[in-house]
Structures are given as structure tokens and as C-alpha cells.
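Residue-level structural notes
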Amino acid sequence: MTMMKKLLTSAVASAMMASGAQAAISNDTVKIGYLADMSGTYRDLAGPNGLKALEMAIADFGGQVNGAKIEVVSADDRNSPDTSSSTVRRWVENEDVDLVAGMVASSVSIAVSKILEENDRLGIISGSAASSITNEHCTPNHIHYVYDTYPLANGTASAVVKEGGKTWYMLTADYAFGHALEGDVTRVVEANGGEVIGTVRHPFPTQDFSSFILQAQASGADVIGLANAGADTTNAITTASEFGVTQSGQTLAALLLFLTDVHALGAETAQGIQLTTGWYWDMNDETREWSDRFMEETGVRPTMVHAGIYSSTMQYLNAVKATGSDDAQTVRKQMMDTPINDMFAKNGKIRVDGRMVHDMYLAEVKTPAESTNEWDLYKILRTIPAEESYRPLSESKCKLVNN
Amino acid sequence: MSMIFGVPVAVLSGQLLIGIINGAFYALLSLGLAVIFGLLKIINFAHGAMYMLGAMTTVLMFDYLGVNYWAALLLAPLLVGAFGVVIEYFLLRRIAGQDHIYSLLLTFGVALIITGVLVNWFGVSGLRYTMPDMFKGGVNLGFMFMPYYRAWVIVAALLVCFATWFMIEKTKLGAYLRAGTEDSQLMQGFGINVPLLISLTYGFGVALAAFAGVLAAPIYSVTPVMGSATLITVFAVVVIGGMGSIGGAIITGILMGVIEGLTKTFYPPASSAVVFLVMVLVLMFRPSGLFGKEA
């Protein structure tokens, strides 16, 4: 029923545009709600600096689009689907928020996207990882922009298996994101002739990993795969190095590492770790130029999530400008029709399932000798082309894809 | 290889040892809480923040002043303890004698402020602290690889725990302390400066938390939020041991470390909940805790 309504709405909207009628921006305001972990374990990879990135995009747009002013509200999601749901419900039902941006913990994004679907508003998810967000949890009301667990597994896991890491032991964060990543890694490892011989699902968050590292050591697996993020990953890596994991011949594969994590670990501890990333600040003049501006605002180098928030907000505002509307379906369609070419992506494309597909990069953390400053941390080993990176639509379980 | 419930004995021994190490941390932290509650009847919700301050001070003193690990082991608890005395003197003293809930709310507020300010300054990704060179590496015990540092944690924590217990339960100073909190007017009549004694006791409890923080700095990522999760577990430990029981806090701390470690082996998803499960059971059958005196 709601699906039908949406189709109708968008049909009417496009008809209005085709007939030249002026599609309107509601309340003469484009209101963006920024939702992210502002104080917890995922704060640094998005958080307050993500809000800065969003504001940079709005400032670059002159603070208004087609004469309508652009407003921002923000909230701390506390990594809690419940808290986030009530915030977003208030935003869309009482405060006329048109777009929800940011969003980090996958469980938060999945909960929020359902509310957006009920109310027919748009969400652009930049921080989350679970590939299920545009697979079984896809809606016509959200876009997943920066990366997901599918290319993380494709990039890092296949590289590690090809280097001889045949047997894997997984340490998985016990919630939606960890499960999705574990599933995607298992698929890639098996497809490349390897095997996952054991899994521990640890509570999120966990401070002490010694017990889990010990179990992983006892398993005798070639590779210990870390399907977690943020402080969980850095704690696991620190503990692994303390317990002599690498000396005993096992390899660590951190499947999701953000620049802020590597910065916290330092080149000394993190050197040689391979990771997959959607973007790195020091790739070309365009990325460096934007990163310099970001650093002036925040004092730190941007993560791929920060860059994605800026880029996706620009794409959104451009779509609002082109269609003269802030209606979710009209804007989403315009965004899908427009290839993304900016500091974040080249020939990026938003698919019908809401997945923004773009090139990904396999990177390796530099050694202290190679690193010239505290943020000079990655060397890019390989560009993974967009079509090779993401889950093909032919394998999709998304209800918007006709399979 | 011999097995117990499908887990090799070697793995199990390793997990037991890890449990004891983590238990030593719990013991140290719950000991501070128990000292503060047992002697001052203050429910110190700022304890996690003080643990975090101990770790942060260690890292910052090293980064900016070059203070090494051994000096930090002494200096960080002193500094944080002094900070605790300031809090006691300016804030807690004003609500002395009121219902417990006031000290709980006040210290909780203090913890939120400290954490919030530091999150703003340092973020949450963690500060780097390198392990002192002499602790790098470890020894293979046959059933597990034992990092030298973890062995040191057990020794240091147990020494401090024992010294604290001994001081409070067996020395004259401890007797003054206990008497001062029991009947402060009478003690003051004997010429003992009870308010000073109370300030110092709070400072000492806080210093114990900071000491645990220094021990944690080389092995956990040091962030302003590191105390909040630990605090709740440690409170459960104190409740299980019996609020205010010094010896009980130490023994229960180690016991809970072991139980948590075993849960991590047999059913990891429950490992963050098992301590609270034990707490529920203990409260049902022994409301004053395993080692508590009937109230």
C-alpha cells in the first residue's frame, strides 16, 4: 500500500515537473537532520566533525537552494536504535526534516530507514557498514553512500587469502554490522579456496580481548579476522600484538579500519596491516585540497565517512536545486540519474537498491620510516573497480530489484 | 588432548589465568569503591572517571613531560588522589549525612562533566601509550603465551590490594579511620582531625582507581570513555561482595574475573552479562552480599 502511494506520489511529482508546474520546496526550507554517535565509541570517525563536513557543504552552497534556506539540526544517536528511532520520528513527524544524514551503527541505520520509509523522507547513510542495508533491509527511502561490508571483504579478505591465509578464525562484533561482515568475509574466503574454522561473537563494545585472542591462537588458524570496528578493533590489535600473535606466524586481518583508528594505533603498531577503504585524503590534488579545508575547520584529517558526508550532501542539494523539490522520491530519482564526479568519487552511481557504487581501494599501513607525518598513514596498493567491489544486483535480495 | 565440556584443558587453563588477570583489575577498582563506601558511605559514581583519569594522566605526562611508567605509577595516583581530595572538600562535604542518593547523583554528575570535557579535547579514538621496554614480550607457559606485562599486573594489583586491606583492618591508622566514621564527634573529642581523615580517605580510594588506570594504560586503548563501561561491572562486583566489605571486594573481584573469563570461552555473547546474572542471584539469596554483614 505504502509502496503504491509512493509510486503515485513520484508519478504525480514527475508529471508536475514535466508539465512545467513549479514543484515546491516544503516550508521554503530544506531541513537536514544530522544523526551520529557524538560521544561514544564511533564518535571520531563521523561525530561532530561529520557535522562540520555537512556544514561545509551547506556553506559551499551559499546556505540556500533555489531561494529556500537550508537548516541543520543534529542529535547524538548514542549507538542506540531506540534513541535514534524516537529522534528521527520527532524530526520527520513534527519538525519537517527532509533529509537524515550521517548514521553510523548499522543497527541505527536499519531502524531509522524503516521510519523514513513510513514517512516518505530521505536518508543518506554515510557511516554504516552492513551490506544488508541495501540488501534485505533496502527501502526506496535511503541511500548507502560510502562503503559496505561487501567490498571490505572483497578487498581485504581476498587479498589475504591470495597471500596464503587459507584458514580463518573470526572475532565478530555481536550485532547487525558484525554479522553482515562475517557473512561477507566467509563468502569471499570460501570462494577463494579458504575456510573459516571458528568464530567468536563478542559483546559490543568489549575492552578486554585477551580471552578471545587466546582462543584464536589456540585454533591454529592462519588468519585472525577482525569483524568489528572502532575501539573494539584497536583494542583487539593491541592485545594481539601483546600476546605475540604475529610472532607465532598468524596474520591479523582487520576488515574495517578507519583513518582515526590507524592514527590512534600509530604506524609503529599498525604497520603492514592491509585494509579496504572508500577514500583516502592523500590520493590526489582534489582530495588533498578538500582535506586541507577540512583540517582548517577541525584540526584533523578526514575519514572516508567525513568526505562522504560532504560529497553526498552536495549531491543531495544539487538534486534539490535541479528538481526544485525536496520531495524524497523526486530527489532520490534525480540523484540516481546523476553520476557522481567530485573529490570523493569518479563515475559514482546510485543504484535502484540505494547503493552508491564507486571504486574502492586496497591500502596498506605505512611503516614509521615511510610515514612523513602523523596522518601520512596509507599507501594505496590497488584500486578495486566499482563493478568488482559491490554486491551485483543479480545477487540482490532487495525488494526494489526485480530478480 | 584431554577435554572438559568440549574445550581442551590447555585452553581452559589459559582462560583461567586470563580471568585472574582481569579479576585483579576488578579487585583493585572495587576495592577503592568499597573503601569509599565502607568508610564514608559515599556511592562513588565518579570511580570510572578516576580510573580513566589515571590512565590519561599517565599518557599525557609521558607525552608532554617525558614522565616514565614507573614514575607515573606513583605520580598519577597522587595527582588524581589530590583531585579527589579537592572534590571531597568542595563538593561532597556539603552533602555529608544526607541520603546516599545525593552522593550518587553528585559523583555521577562530576563523572559526566570530566568525561565530556575530555571527549571534547581528545576524542574517543584513544591515545597512544607504548609499553615500557622491559615488559615487551612474554614467556610461553606451554598452555598459553603469557605477556610479561600481564604477570606484572597480577603482582602489582594483589600487592596493593593486600596492603590496603592490611592498613584498614590491622593498623592503628585504620582503626582511627573506622572509628572516625562510626562516631566522628567522639573521635574529634580525642583530638583526631576527622574531616581531614575523611578527605584523605576519599582521596585514597580515588588514588586506587587511578593506580588501576596506570596499569591499564599500556594494554587498553586510553580514551575518555574507557571508565564508563568498567564502572558498572565494578559496581556489580562490589554489590556481590557486599557493599563496604574490603576483603569481600578483593575476593569477589578475582572471582568475577574468572567467571567472566570462563563465559568468554563457553558462551561469549553472555560474557558482558554474566556478572549481572551473578549479582541478581546473590541479591536474591544473600541480599547483603557474599561477604557483607547484615545491615
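Quick caveat: nothing in here was measured; it's all calculated off a predicted structure. (Residues numbered from 1 in each chain as written. Chains lettered and ligands numbered in written order. Predicted model: local features only at pLDDT ≥ 70, side-chain atom pairs only at ≥ 80, totals over all residues.)

**A word on the overall build of chain A**
We count it as follows: The helix and strand labels rest on DSSP assignments: H or I over at least four residues marks a helix, E over at least two residues marks a strand, and numbering proceeds from the N terminus. Based on C-alpha atoms, the radius of gyration is set beside the globule rule, defined as 2.2 Å times the residue count to the power 0.38. In this scheme the burial state of a residue depends on its C-beta neighbours within 10 Å: 20 or more other such atoms mean buried, 12 or fewer mean exposed, and anything in between means partly exposed; the C-beta positions come from the backbone. Placing C-beta atoms from the backbone, we regard two residues as in contact once those atoms come within 7 Å.
Of the regular secondary structure elements, chain A holds 13 helices and 15 strands. Taken against the 2.2 N^0.38 rule, which gives 22 Å for 403 residues, the C-alpha radius of gyration of chain A at 21 Å falls within 12% of a compact globule. Dimensions of chain A, computed from the C-alpha atoms along their principal axes, are close to 70 × 45 × 35 Å. Taken across its 403 residues, chain A has 59% of its residues classed as buried. Partitioning the contacts of chain A with sequence separation of at least 6, the portion at a separation of at least 24 is 72%.

**Structural notes on helix 7 (residues 210–219) of chain A**
Within helix 7 of chain A, eight of the ten residues are buried, which leaves the element mostly enclosed by the surrounding structure. The complete set of buried residues in helix 7 of chain A reads Ser 210, Ser 211, Phe 212, Ile 213, Leu 214, Gln 215, Ala 216 and Gln 217 of chain A. Where helix 7 of chain A is buried, its residues contact strand 7 (167–173), strand 8 (195–202), strand 9 (223–227) and helix 8 (230–242) of chain A together with helix 1 (9–40) and helix 10 (246–266) of chain B. Residue Gly 220 of chain A follows helix 7 of chain A closely and has a positive phi angle near 70°.

**Describing the sheet that holds strand 6 (residues 142–144) of chain A**
Residues and elements named next belong to chain A. Under the convention used in this document: Strand pairing is defined by DSSP finding a minimum of two bridges between the two strands. Only the contacting stretch of a helix is used when fitting its axis, a line to C-alpha atoms as for every element, and angles between N-to-C directions run 0 to 180 degrees.
Sheet architecture is open: six strands sit in the order 2-3-1-4-5-6, paired in mixed fashion. Two strands close off the open sheet at either side, each with one partner strand: strand 2 (64–65) and strand 6. Of the strand pairs in this sheet, strand 5 (residues 122–125) and strand 6 are connected by three bridges, and their pairing is parallel. Counted as the bridge partner of Gly 123 is His 142 from strand 6. Packing against the sheet, helix 4 (residues 106–119) makes contact with strand 1 (29–36), strand 4 (99–102), strand 5 and strand 6, and its axis sits at approximately 160° to strand 5. Relative to the sheet, helix 11 (residues 304–323) contacts strand 1, strand 2, strand 4 and strand 5, its axis offset from that of strand 4 by approximately 160°.

**Some points on helix 9 (residues 226–241) of chain B**
Residue and element names in this part refer to chain B. Operational definition: Each residue after the first adds 1.5 Å to the expected span of a helix.
Taking 1.5 Å as the rise per residue, helix 9 with 16 residues should run 22 Å; its terminal C-alpha atoms sit 23 Å apart, in good agreement. Counted residue by residue, helix 9 has 13 buried out of 16 residues, so it is predominantly covered. Of the residues one or two after helix 9, Gly 242 is the one with positive phi, at around 105°.

**What to know about the domain arrangement of chain A**
Residue and element names in this part refer to chain A. Formally: Residue ranges labeled as domains rest on an automatic or database domain assignment. Here the term charged refers only to Asp, Glu, Lys and Arg, the term nonpolar to Ala, Val, Leu, Ile, Met, Phe, Trp, Tyr, Cys and Pro, and the term polar to all other amino acids, Gly among them.
By domain assignment, chain A separates into domain 1 (2–147 + 284–358) and domain 2 (150–277 + 360–389). Put simply, the middle of domain 1 and the middle of domain 2, counted by C-alpha atoms, are 29 Å apart. Contact with domain 1, which involves 18 residues of that partner, is made by 22 residues of domain 2. By residue number, the principal contributor to the side of domain 1 that touches domain 2 is helix 4, which donates three residues. Here the side of domain 1 that touches domain 2 is built from residues that sort into nine nonpolar, seven polar and two charged.

**Things to note about unusual backbone geometry**
Among all residues except glycine, the phi angle is most often negative; among peptide bonds, the trans geometry is most common. Residues and elements named next belong to chain A. Here Phe 204 and Pro 205 are connected by a cis peptide whose omega angle stands at -5°. Phi at Arg 78 is positive, roughly 50°, even though this residue is not glycine. Overall, the presence of 16 C-beta atoms within 10 Å leaves Arg 78 in the partly exposed class. A positive phi angle is found at Met 103, which is not glycine, with a value near 65°. Position of Met 103 relative to the elements: it lies in the loop between strand 4 and helix 4.

**A few points about the sheet that holds strand 8 of chain A**
Residue and element names in this part refer to chain A. Read across the open sheet, the four strands follow the order 8-7-9-10; overall the sheet is parallel. Bordering the open sheet on either side are strand 8 and strand 10 (251–254), each of which pairs with just one other strand. Across the sheet, the mean angle separating the axes of adjacent strands is 20° when strand polarity is ignored. Contacting strand 7, strand 9 and strand 10, helix 8 crosses the sheet at an angle of about 170° to strand 10.

**Describing the confidence of the model for chain B**
Residue and element names in this part refer to chain B. Here is the rule we go by: On a range of 0 to 100, pLDDT expresses the predictor's confidence in each residue.
This prediction gives chain B a mean pLDDT of 91; 99% of its residues lie at or above 70. Element-level pLDDT for chain B is lowest in strand 1 (residues 3–4), with a mean of 72, against a maximum mean of 97 in helix 3 (residues 69–90). For this predicted complex, the interface confidence comes out at an ipTM of 0.85, alongside a pTM of 0.85.

**Digging into the UniProt feature "domain: Leucine-binding protein" (unreviewed entry) in chain A**
Our working rule: UniProt positions are given in the numbering used here, feature names are shortened, and annotations may be inferred rather than shown by experiment.
The residues that UniProt annotates with the feature "domain: Leucine-binding protein" (unreviewed entry) are residues 29–366 of chain A. Summarising residues 29–366 of chain A: 45% helix, 20% strand, and an end-to-end C-alpha distance of 46 Å.

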